[in-house]
Structures are given as structure tokens and as C-alpha cells.
Amino acid sequence: MGDFAFDRYLTYDEMMQWLSDVEADNPHLVEIETIGVSYEGRDVVAVTLTDREAGGPESKPALYVDGNIHAGEVTASMTCLYLINYLTDARGVDPRVQKILESRTIYIIPRANPDGAEKYLTTPEHLRSSVRPFPEYRRNYDPPGLRAEDIDGDGRVLIMRVRDDECGSWKIDPEDQRLMIERRPDDLEGPFYHLYSEGVIRDEDGDMVGDARLPLEVVETRYGLDLNRNFPAGYRPTADGAGPYPLSEPETRNLVQFISEHPNIGGALAYHTTGGVLFRPHSTIKDEDFSDDDMRMYETIGGWGTEATGYPVVCCYGDIWSGVLDDWCWEHKGIFAFTPELWDLVGRAAPETHEDPMQVHKMPAPKRQELERKILRYHDHYLGARGFVDWRSFEHPQLGHVEIGGWDVKECWQNPPRAFLSAECHKNIQFPLMFALALPEVHIDELTVERLGGGECLVSVLVSNRGYLDTCISAQARKQKAVREDVAHLQLPEGTEILTGRKTTEIGFLRGYRGGPDRQPIDSGENDAHRKRVQWTVRLLEPAVGCEVAVLIRSERGGTSRRAAKF
Ligand SMILES: [Zn+2]
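As the structure is a prediction and not an experimental result, all values here were calculated from the model. (Residues numbered from 1 in each chain as written. Predicted model: local features only at pLDDT ≥ 70, side-chain atom pairs only at ≥ 80, totals over all residues.)

Trainee: Can you explain the sheet that holds strand S2 (residues 43–49)? Please cite residues and give values.
Mentor: Strands sit in the order S1-S2-S4-S3-S11-S14-S12-S13 across an open sheet of 8 strands; the sheet is mixed. Because the sheet does not close on itself, it has two edges, and the strands there are strand S1 (30–37) and strand S13 (313–315). Taken pair by pair, the neighbouring strands of this sheet meet at an average axis angle of 25°, ignoring direction. In terms of strand pairing, S1 meets S2 through 7 bridges, oriented antiparallel. Among the inter-strand pairings, Val 30 is bridged to a residue of S2, identified as Leu 49. In the packing of helix H1 (residues 12–25) onto the sheet, the strands contacted are S1 and S2, and the crossing angle to S1 comes to about 145°. (Pairing = 2+ DSSP bridges. Helix = DSSP H or I, 4+ residues; strand = E, 2+ residues; numbered from the N terminus. Axes fitted to C-alpha atoms, helices over the stretch in contact; angles between N-to-C directions. Contact = placed C-beta atoms within 7 Å.)

Next comes the structure, spelled out in C-alpha cells:
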């Protein structure tokens, strides 16, 4: 798919066409399936990537990646497509891709919330997530007041500044006339302004009211849902937009069902924008309540993400949100999961904020104003100065003279300007490549058949984990019983019987090659090893001599391995 340069954001139909072209060009590597439908009835699709000639997708350890559950975070979707593009295109030039396609499966859900993304991409609307009105009463009722609308017909909803020298809370920044700063009590002489979203004042029937008095009542959006508060782990109905109950929305059910039906998934990334951080669980469980070993792995894996992107790993504990997907992946499934927040306008303009990206939200006004000036200067110099719309006069039908302008949020703050999209995607696919390579990988090192006399044979198999992570992935997975023990399965021809051993033997979990000075055992006792031997005594009746015996090792998260020998 070398002809698409990742220099724009694809609408739903364009994305589906692009995906089906990739599938048609790579039939042995790519399979697209519909995993469910959205609120408005669009197909939500998952893309499965693996080299089928080297084994089916379910026989290999898997990494899960999704994007765009939040409507406006379309960079997330494009990064998913970029990853698909890279995995199908770079096999000959990047040995990591060859290894991944042969021995791993990558599941990618590029647009988890297609309705929201479509509205964001094709209308002036800014919405957080789902298009289903929420709270429920908003389906039939909109309160009276100012509603965000594109009133000057430029296709955007910007900021409207309305002069009010008595009660206005804002003034023009003397250092940069484009910016607005907060008015202080010792600012005695105007002009002062109110800042509102561009829009008009309507009554509850949706009709424009004749007379509007400042300050205005602002009507909150009817798109009040936040799908990434609707997952079951730590769900709180009081979290903003959490929805009426966990998994109340088809978009969240689709993801939870997909992950649950693919027990080979051992790692997960949910792409979002914006901020230039790698969030990790847990919003409501303290780090101290993670096992030490799991905590270390979170630091190690997160460290690879930071190495690739420069984005720090940030734990969400104690913040206002909950019910997020990565928490659920971790808490219920014991899968290491992260939420990369792509695109870091603030961090680029003010690299010092990388130290503590969350401080930006808590800054006092003077610091915030200084930061915004810095961002505007960065934007002028490096982003082609196209993300800020200069204030221009507009004759408002209700308010008279106003000015409309300000940041163009969609392709500057929330997503990179198009010229920067491809580089942002490329930087952010390095983390999943590394993560996928770290997954466990079971392997049969040796299978022998020894004749014991009297028609009896000893079948002996030596199995190991050649991957970095343990086959259980985490202590959390074992604690939650989210993963079944690895099993060795003996496949015998007719005319044989097993004397000792079980046909299907549970062998515990196999350790990966990950080290560390104080690496704790997975389990106390015999179940803790990188390599295990399993033996069976088998009696052969005459016709079985020369026939094939085989052993299949099946690890839910570490893949399968089969080897055969002759009696
Ligand atoms: Zn988001």
C-alpha cells in the first residue's frame, strides 16, 4: 500500500476500502472480520495479522492493539493503519517483522468507535466519544441556552469572544494579541470579554431566541458519553460519561468480547490522543497491591515504550477517571496493557513538562498563560502557523458584533497537522513491535522414543519457552485464574495404550528468558522452570511399530508446538 502517504485522516468508507485493498494484496497475512456493530450500525472490524503458512492465528501468542474509542482521537486510528501497513510492507527489510509474522499474531481494531470518528471527521462537531445522547433524557430534550454550532460556515466550531466591559472575565494578552488571558481584580479598564464556543442561543424547541443577555447560559453537549469510562474494572457511575452501567454500550462490549474470545492475547495497547504519555493501570488499585514481579515488568515494558517515543510512563492511580480498558485488561485478564496518548504538542513546545505531564492540568493561571504563549510560538515556527485562526469580526444574529477565532483544536491540539501525521505514526509503532517480540513462545526441543522391551516404549518430550515473558504473562493472570496451565498432549496411533502418564498433562507455566537480579520464581516448587520434561510409558501392539507418535504443546498465551517421531 505504498501509495498512501499517511498525510490525511481517513473517513470510515475510505478506511474500509483501504483495509480491503490490503487484505486483497496480502491474503496469507491479513484477515478482516466484523466483530460487532456500533450504535448507528457501522461494522466494527478487527484485522488479524500473521503468516498463516507458518501457523494459524490462534496457535500463536498475540498482541492486541486498538484505537479511536474517543471520537476525535483519529491519530490513534491512523497509527493502527500504519502498523498494518508496516507489517505487510516491511517484511523484507525489517527482521523484526519477519519474526513477528511467523511466530506471533497481531490483532488490530483500528476504529473502535466509528460513529464518533465519522461525526468528528465530517462535521464541525467536537465530541468526546459515542454519538448516543447521554444522559438518557438528552435524547428528547435540549435545555435552553448557547449551543455550540458553526455559525460562520467555515466548517469549524471555534471560540467566540463577546465584549462586556462590566462582567467579562477575559482580556487580550498584551504580550500576544491573539491570546486571551484571565482578568484580574486590578484590571480596571477594558476591554473585557466573555469567551464562548461559537454558537447561537436556542430555546428548548431548538428555535433561536430573540433576546440574549450576557452572561449566557451554555448548554452542555448531548454527546455526554465517554466510552473509556464504561469498562467493568473500577467502573464508577459518577465518573464523567461512564454510562448507565458497565458495558452498556455496544462499542465497549465489542472490545471486551473480542479480547475474552482470544485467550492467546498477552499484551494490549489502546491508542489515544493527546499528551505524549504512556498511561498504565491502575486507576483504583495502588501500585503496592501489584505483585513486585508484575510491577517490575510494567516498568520494563513501559521503558521500551519510552525509549521508542520519548513519552514517559504515567500511572493513573488516584486520578478522576476509572472504568478504562487498560485497567480491565490488567485487573481481570492479567494482560500487560498501556494507553499511549499520541501527539505531544505541549511537550514539544515545553519539553520541561515531560517530567510531569499531569502538572499541566493543575497549573495556576499565570503559568498556564506562559505555557500557552510558548505553544503558540512553537506553532508559529514549527507547525506552519496553521493551527490558530486569527480573530475576525462577525455580525451575530443575537449578540451583534462578536469576534470568532482561536485554536483549531482538531488538527493542532488533538491531532497533528497532516504534515506531521506520518512521523507520529511511525514513532508510535515501534512500541508494539518490541512488545510483540517479548511474548512467550513455547518450543519442543526434543522428542525421543526409547524401547523398553516387552512391547513397551518410553516417550519423552523436552519443552521450553523461548520467549521473553513467562507463558502465564503475569502473577495477576495466575491470581485471577485468567490463564490455563500449559499442557502436553500425546497423540498416539491405533494399537497403542498409555501405561503411565495422562494423555493430556498439565505442565504448569514456563518461564521466559527475562532476567533481573531478584527475579522471583513463578511458582514455588516444581512448576517453575524454563524447560520441562514430560514422559509417558506406552505399550505397543504389533501393528503400531513404525507408526508416528506426536506431542502437541499447547500454551494459551505462549502458542503451540508439535513434533512427531516414529515407534
Ligand atoms: Zn482518549
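The rest of the description comes next.
Trainee: Could you give me a rundown of the packing of helix H6 (residues 292–309) against helix H12 (residues 430–437), with the residues and numbers involved?
Mentor: The description of two packed helices rests on the angle between their axes and on the distance between the axes. Contact pair H6 / H12: the axes reach a minimum separation of 8 Å and the direction vectors enclose 150°. Note that H6 runs across H12; the crossing there is right-handed. Facing H6, whose interface residues are Ile 301, Trp 304, Gly 305, Ala 308 and Thr 309, H12 presents Gln 430, Phe 431, Met 434 and Phe 435. Counted by class, the contact of H6 with H12 contains 6 nonpolar, 3 polar and no charged residues. (Left-handed = near helix turned anticlockwise from the far one by under 90°. Nonpolar A, V, L, I, M, F, W, Y, C, P; charged D, E, K, R; others polar.)

Trainee: Would you mind going over the sheet that holds strand S18 (residues 456–465) in detail, with residue names and values included?
Mentor: Strand order in the open sheet formed by 4 strands is S17-S18-S24-S20, and the pairing between neighbours is antiparallel. Every other strand in the sheet has two partners, leaving strand S17 (442–453) and strand S20 (496–500) as the edge strands with one partner each. Neighbour to neighbour, the strand axes of the sheet diverge by 30° on average, direction disregarded. By the bridge criterion, 9 bridges tie S18 to strand S24 (residues 531–540) in an arrangement that is antiparallel. Looking at the pairing, Cys 457 lines up with Val 538 of S24.

Trainee: A description of the pairing of S24 should follow, citing residues and the corresponding values.
Mentor: Across the two faces of S24 the burial differs, with Lys 532, Val 534, Trp 536, Val 538 and Leu 540 buried and Arg 531, Arg 533, Gln 535, Thr 537 and Arg 539 not buried at all. Across 4 bridges, S20 lies against S24 in antiparallel orientation. Considered in S24, the bridge of Ile 498 is made with Val 538. (Buried ≥ 20, exposed ≤ 12 C-beta atoms within 10 Å, placed from the backbone.)

Trainee: Describe unusual backbone geometry, listing the residues and the values that go with them.
Mentor: With an omega of 5°, the peptide bond between Gly 190 and Pro 191 qualifies as cis. Within the secondary structure layout, Pro 191 lies in the loop between strand S8 (180–182) and strand S9 (193–197). Phi at Asn 68 takes a positive value of approximately 70°, unusual for a residue other than glycine. Here Asn 68 lies in the loop between strand S3 (62–67) and helix H2 (74–89).

Trainee: Give me the domain arrangement of the protein chain: which residues, what numbers.
Mentor: Taken as a whole, the protein chain is organised into domain 1 (12–121 + 226–343 + 421–437), domain 2 (135–222 + 383–413) and domain 3 (442–566). Relative placement of domain 2 and domain 3: their C-alpha centres are 67 Å apart. (Domains from an automatic or database assignment.)

Trainee: Kindly report on the nonpolar core, identifying the contributing residues and their values.
Mentor: Membership of the largest hydrophobic core comes to 114 residues, with the highest contact counts inside it found for Ile 84, Ile 106 and Ile 108. Residue contributions to this core peak at 9 residues, all from H2. Leave out the neighbours within four places in its chain, and Ile 106 touches Leu 49, Ala 62, Leu 63, Val 65, Leu 87, Ile 100 and Ala 436. By size, the runner-up hydrophobic cluster in this structure holds 11 residues, among which are Val 157, Met 160, Ile 181 and Val 402. (Core = buried A, V, L, I, M, F, W, Y, C linked by C-beta atoms within 7 Å.)

Trainee: Can you break down helix H4 (residues 114–122) residue by residue, with the values?
Mentor: Burial within H4 is extensive, with 8 of its 9 residues counted as buried. Taken as a whole, H4 has its buried residues at Pro 114, Asp 115, Gly 116, Ala 117, Glu 118, Lys 119, Tyr 120 and Leu 121. The inward-facing, buried residues of H4 contact H1, S2 and H2.

Trainee: I'd love a proper account of helix H5 (residues 250–260), names of residues and values included.
Mentor: The set of residues buried in H5 consists of Glu 251, Thr 252, Asn 254, Leu 255, Phe 258 and Ile 259. Buried residues of H5 fall within an arc of 155° about the axis and therefore sit on the same side. (Arc of directions from axis to C-beta.)

Trainee: Go over the environment of Gly 334 with me, naming the residues and quoting the values.
Mentor: Turning to its location among the elements, Gly 334 is positioned in the loop between helix H7 (325–333) and strand S14 (336–342). Classification of Gly 334 as buried rests on a count of 23 C-beta atoms within 10 Å. Sequence-wise, Gly 334 and Val 324 are 10 residues apart; in three dimensions their C-alpha atoms are separated by 15 Å. In contact with Gly 334, not counting residues within four places along its chain, are Ile 473, Ser 474, Gln 476, Ala 477, Gln 480, Ala 482 and Val 483.

Trainee: Hey, could you go over the packing of helix H3 (residues 95–103) against H12 for me, with residue numbers and the actual values?
Mentor: Closest axis-to-axis distance for the H3/H12 pair is 10 Å, and the angle between their directions is 50°. Put simply, H3 runs oblique to H12. In this structure, H3 crosses over H12, and the sense of that crossing is left-handed. Along its contact with H3, which presents Arg 96, Lys 99 and Ile 100, the element H12 presents Leu 433, Ala 436 and Leu 437. For the contact of H3 with H12, the residue count by class is 4 nonpolar, no polar and 2 charged. (Parallel < 35°, antiparallel > 145°, perpendicular 65-115°, else oblique.)

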